Amino acid sequence: MYILCSPCILSPSLRAKGITHPSDIAAFARSIGRCKKFGIDVVPLPCPETLYLGNDRHPGTFLERLNTPEFTVLLENQVQQVNAIIEERGPPLCILGVNSSPTCGVTSTYYGAEGDMPAKRSGRGVFYAKFPDIPAQDVFDFSRYRIYLAAPLFSEAERTYNAVISDLLRSHYYEVYLPQETGDDHAERGKKEHAQIFRRNKRAIKDADFVVAIIDGADADSGTSWEIGYATGLNKKVIALRTDFRVAGSHERVNLMLEQSTSVVTDKFKLLAELGAFPTDIQTPGKKSP
């Protein structure tokens, strides 16, 4: 199990002058930390820009700096090197890139102004575009993998389903905080323990990148609703999983305030897609899922 990785994520000094910010370094470190946590090998790609322009270079677009026959030859040689890695190891989980890069951009790239087109446009950089069949993720998206799983936990059926969703998320390389695993799982507790659980769960929501909330039932669980509201106030992305076919009104599946503050999905496959899990890992209905 491995990913192909833009080399500047491992060695930021390979980047052009002046473009690296503390937020970039933090995202690089979190992404590498995710790989270490889940045992994902990180295989660095060659850096076409560094090989062609050197380390001591200023930012520029593909059309300005790289649109030459010599670079085309260099790029094709590197594509062959990458294909040899894939031939030996099998397909990677994804290619990890850095958006805006002329070569390693994932969803945006500085290609260069051309006609009415702006210098920055949608699409992959010229190197990553050579591998259209391999899923690619931007390093900032990949670095966001910590999930707080909000859900009712008062019956055996609820706790069992929560564990199923938690295991599914973990099998897709997400770190999951599930309150029932941290002591919030029984009725015989005093006020001191209540306060500790509240502080612990509140901190876990703050630390999370996403909140996944299970909101089945005639009405959403009150504690889960509070957790959704708190996460929304912190500008966290909240994904609400509702497999219940009942609806709250003619225009909403659940309470209007919950629906407007979350992305509501109706099955675990859509949940994975909404999170941006690796496309090669997302099973579809009718296929065996983890």
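Keep in mind that this is a model prediction, so the values were computed, not measured.

Draft legend 1. Region of interest: the pairing of strand β9 (residues 210-214). Counting buried residues in β9 gives five out of five residues, a clear majority hidden from the surface. Of the strand pairs in this sheet, strand β7 (residues 146-150) and β9 are connected by four bridges, and their pairing is parallel. Opposite Y148, over in β9, you have V211 as the bridge partner.

Draft legend 2. Region of interest: the sheet that holds strand β11 (residues 263-265). Pairing is parallel across the open sheet formed by five strands, whose spatial order is β8-β7-β9-β10-β11. Strands at the two margins of the open sheet, each flanked by one partner only, are β8 (175-177) and β11. For this sheet, the mean inter-axis angle between neighbouring strands, taken without regard to orientation, is 25 degrees. Sitting on the sheet, helix α9 (residues 222-233) touches β7, β9 and β10 (237-241), and the angle it makes with β9 is about 155 degrees.

Draft legend 3. Representation of the state of the cysteines in the model. Here the structure, examined in full by the defined rule, presents zero disulfides. The cysteine C5 is free of any disulfide, with C35 supplying the nearest cysteine sulfur at 7.3 Å. Free of any disulfide, C8 has its nearest neighbouring cysteine sulfur in C104, separated by 6.5 Å. C8 gets classed as buried once you look at its relative accessible area, which sits at 10%.

Draft legend 4. The environment of T109, seen in detail. The topology assignment puts T109 in strand β4 (residues 108-110). Residue class for T109 comes out buried when judged on its relative accessible area of 3%. With near-sequence residues (within four places) excluded, T109 lies in contact with S100, S101, P102, A119, K120, R121, G123, R124 and G125.

Draft legend 5. Expanded view of the packing of helix α7 (residues 156-171) against helix α11 (residues 268-275). α11 packs onto α7 with a crossing angle of 40 degrees between their chain directions and a minimal axis gap of 11 Å. Judged by the inter-axis angle, α7 sits oblique to α11. Where α7 crosses over α11, the handedness of that crossing is right-handed. Residue-level inspection shows I165, L168 and L169 of α7 in contact with α11, the latter providing K268, L271, L272 and L275. Residue classes in the contact of α7 with α11 are distributed as six nonpolar, no polar and one charged.

Draft legend 6. Local environment of α7. Given a rise of 1.5 Å per residue, 16 residues ought to cover 22 Å, and the 22 Å separating the end C-alpha atoms of α7 matches this to within 8%. Where the residues of α7 are buried, they touch β7, β8, β9, β10 and α11. Directly after α7, the chain includes Y173, whose backbone phi takes a positive value near 70 degrees.

Draft legend 7. Main features of the side chain of S31. Its location among the elements puts S31 in helix α2 (residues 22-38). Residues within four places of S31 in sequence aside, it is in contact with L96, V139, F142 and S143.

Draft legend 8. Here's a closer look at the pattern of salt bridges. Scanning the model with the defined rule gives twelve salt bridges in all. Between K130 and E76 there is a salt bridge, with the nearest N and O atoms lying 2.8 Å from each other. With a gap of 54 residues between them, K130 in the loop between β5 (120-122) and β6 (136-138) and E76 in helix α5 (residues 69-89) connect regions that are remote in the sequence. E76 sits in the partly exposed class, given a relative accessible area of 33%.

Draft legend 9. Spatial organisation of the packing of aromatic side chains. Across all of its chains, the model carries nine aromatic pairs by this definition. A centroid spacing of 5.1 Å and a plane angle of 15 degrees characterise the contact between W226 and Y230, whose relative ring orientation is stacked. Here W226 pairs with Y230, and both are found in helix α9, just four residues apart, close to one helical turn. Using a relative accessible area of 17% as the deciding quantity, one classes Y230 as buried. Of the aromatic side chains, those joined through ring pairs into one cluster are Y52, F62, F71 and Y111. A cation over an aromatic ring shows up here: R34 above the ring of F142, its NZ or CZ 4.7 Å from the ring centre. Its end group placed over the ring of F38, K37 keeps NZ or CZ at 5.8 Å from the ring centre.

Draft legend 10. Examining α11 more closely. Within α11, burial applies to F269, L271, L272 and L275. Looking down the long axis of α11, one finds its buried residues gathered within 160 degrees of arc, a one-sided arrangement. Tucked into the core, α11 has its buried residues touching β7, α7, β9, β10 and β11. Among the residues of α11, the N-terminal cap falls to D267, whose side-chain oxygen and the backbone nitrogen of F269 are separated by 2.9 Å. One or two steps after α11, the chain reaches G276, where phi turns positive at roughly 85 degrees.

Rules and cut-offs
Residues numbered from 1 in each chain as written. Predicted model: local features only at pLDDT ≥ 70, side-chain atom pairs only at ≥ 80, totals over all residues. Heavy atoms only, no water. Buried < 20%, exposed > 50% of the residue type's maximum accessible area, 1.4 Å probe, protein only. Helix = DSSP H or I, 4+ residues; strand = E, 2+ residues; numbered from the N terminus. Pairing = 2+ DSSP bridges. Axes fitted to C-alpha atoms, helices over the stretch in contact; angles between N-to-C directions. Contact = heavy atoms within 4.5 Å. Disulfide = S-S within 2.5 Å. Parallel < 35°, antiparallel > 145°, perpendicular 65-115°, else oblique. Left-handed = near helix turned anticlockwise from the far one by under 90°. Nonpolar A, V, L, I, M, F, W, Y, C, P; charged D, E, K, R; others polar. Expected span 1.5 Å × (residues − 1). Salt bridge = Lys/Arg side-chain N within 4 Å of Asp/Glu carboxyl O. Phe/Tyr/Trp six-rings, centres within 6.5 Å; stacked < 30°, edge-to-face > 60°. Lys NZ or Arg CZ within 6 Å of the ring centre and 35° of its normal. Arc of directions from axis to C-beta. Polar contact = N/O pair within 3.5 Å; in protein donor to acceptor, adjacent residues only side chain to side chain.

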